[in-house]
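If you want the building blocks of each chain, they are given just below.
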Amino acid sequence: MDAGQGPWPCPALLLFVREAFFLNVFDLIGPVMIGPSSSHTAGTLRIARVAFLLLGEAVERADVTLFGSLGATYRGHGSDRAIAAGLLGFLADDERVPQSLNLAKERGLEVGFTASQEPARHANSMKIEASGGGKTLSLLGASVGGGSILIYELDGMEVHFTGEMSTLLAAHDDARGVIASITGLLAGHSINIATMRVFRSSKGGRAMTALEADQPFDPSVQQALLRLEHIHSVTLINAFERL
């Protein structure tokens, strides 16, 4: 029987049903979170939590600049509480999120918020300049909808990762053989690389490799990479659910 005749639906409808069937449940119902908005709370919390994870220390001070609609609505939509929660290391469904601003004060975390009218590369962008334990970090990220995020600048260097897969960030010199040594070591640990991007400030200058993998990274991988020549730091973020 030809498509579009009898009981069978037309091809376009079949395609729609097939695509809808294969949607992830996350795509349909959004993230498990403390409300009210996946873009303005879950997304901003996850960006802040990335800053917390990358700093590797308790955050003592954070200056947050919000662009676009985030800057206009961050108080009303609870983005300020979500960001404070992420900087404290909370997950999006943590019941402490609504009290995070008070908890931040109790724990000695100072957070300042600035709404900016300047254009940003992405809608719903925010910049976090964080410090703690003698370390500093600058990060630009965007909440791209449904709780999903994109980190697109780290310490002034262009990057590109989402946290939806297990992610490895390696800061290193832009030197010959570094990438081969990184990928060779991961192959030796049976790590399957899904995506890989290398960014550099200039030829022979600072560089950043962002890797996404199909499985979580064991901490031993981090230690092994740090023993390689020209590698300065390695940060592991295992899977989106941890954000």
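Source: prediction; values computed, not measured.

Caption draft 1: Representation of the packing of aromatic side chains in the model. Per the stated rule, a full pass over the model turns up one aromatic pair. The ring of Phe 90 is capped by Arg 96, whose NZ or CZ atom sits 3.8 Å from the centre of that ring.

Caption draft 2: Region of the structure containing the nonpolar core. Counting 42 residues, the largest nonpolar core has Leu 54, Leu 87, Ile 128 and Leu 139 as its most contacted members. Setting aside chain neighbours within four positions, we find Leu 54 in contact with Leu 137, Leu 139, Leu 154, Phe 161, Leu 169, Thr 235 and Ile 237. Grouped together as the second largest cluster of nonpolar side chains are 16 residues, Leu 185, Ile 191, Phe 217 and Val 221 included.

Caption draft 3: Fine view of the sheet that holds strand β7 (residues 166-173). With respect to topology, four strands assemble into an open sheet ordered β8-β9-β7-β10, the strand pairing being antiparallel. Only two strands of the sheet have a single partner each, and these edge strands are β8 (193-200) and β10 (231-237). Within this sheet the neighbouring strands show an average axis-to-axis angle of 15°, counted without direction. With seven bridges connecting them, β8 and strand β9 (residues 206-213) associate as antiparallel partners. Looking at β9, one finds that Thr 195 is bridged to Glu 212. Packing against the sheet, helix α7 (residues 178-188) makes contact with β7, β8, β9 and β10, and its axis sits at approximately 145° to β7. Relative to the sheet, helix α8 (residues 219-226) contacts β7 and β10, its axis offset from that of β10 by approximately 170°.

Each value, and the rule that gives it
- Residues numbered from 1 in each chain as written.
- Predicted model: local features only at pLDDT ≥ 70, side-chain atom pairs only at ≥ 80, totals over all residues.
- Heavy atoms only, no water.
- Phe/Tyr/Trp six-rings, centres within 6.5 Å; stacked < 30°, edge-to-face > 60°.
- Lys NZ or Arg CZ within 6 Å of the ring centre and 35° of its normal.
- Core = buried A, V, L, I, M, F, W, Y, C linked by side-chain atoms within 4.5 Å.
- Buried < 20%, exposed > 50% of the residue type's maximum accessible area, 1.4 Å probe, protein only.
- Contact = heavy atoms within 4.5 Å.
- Pairing = 2+ DSSP bridges.
- Helix = DSSP H or I, 4+ residues; strand = E, 2+ residues; numbered from the N terminus.
- Axes fitted to C-alpha atoms, helices over the stretch in contact; angles between N-to-C directions.

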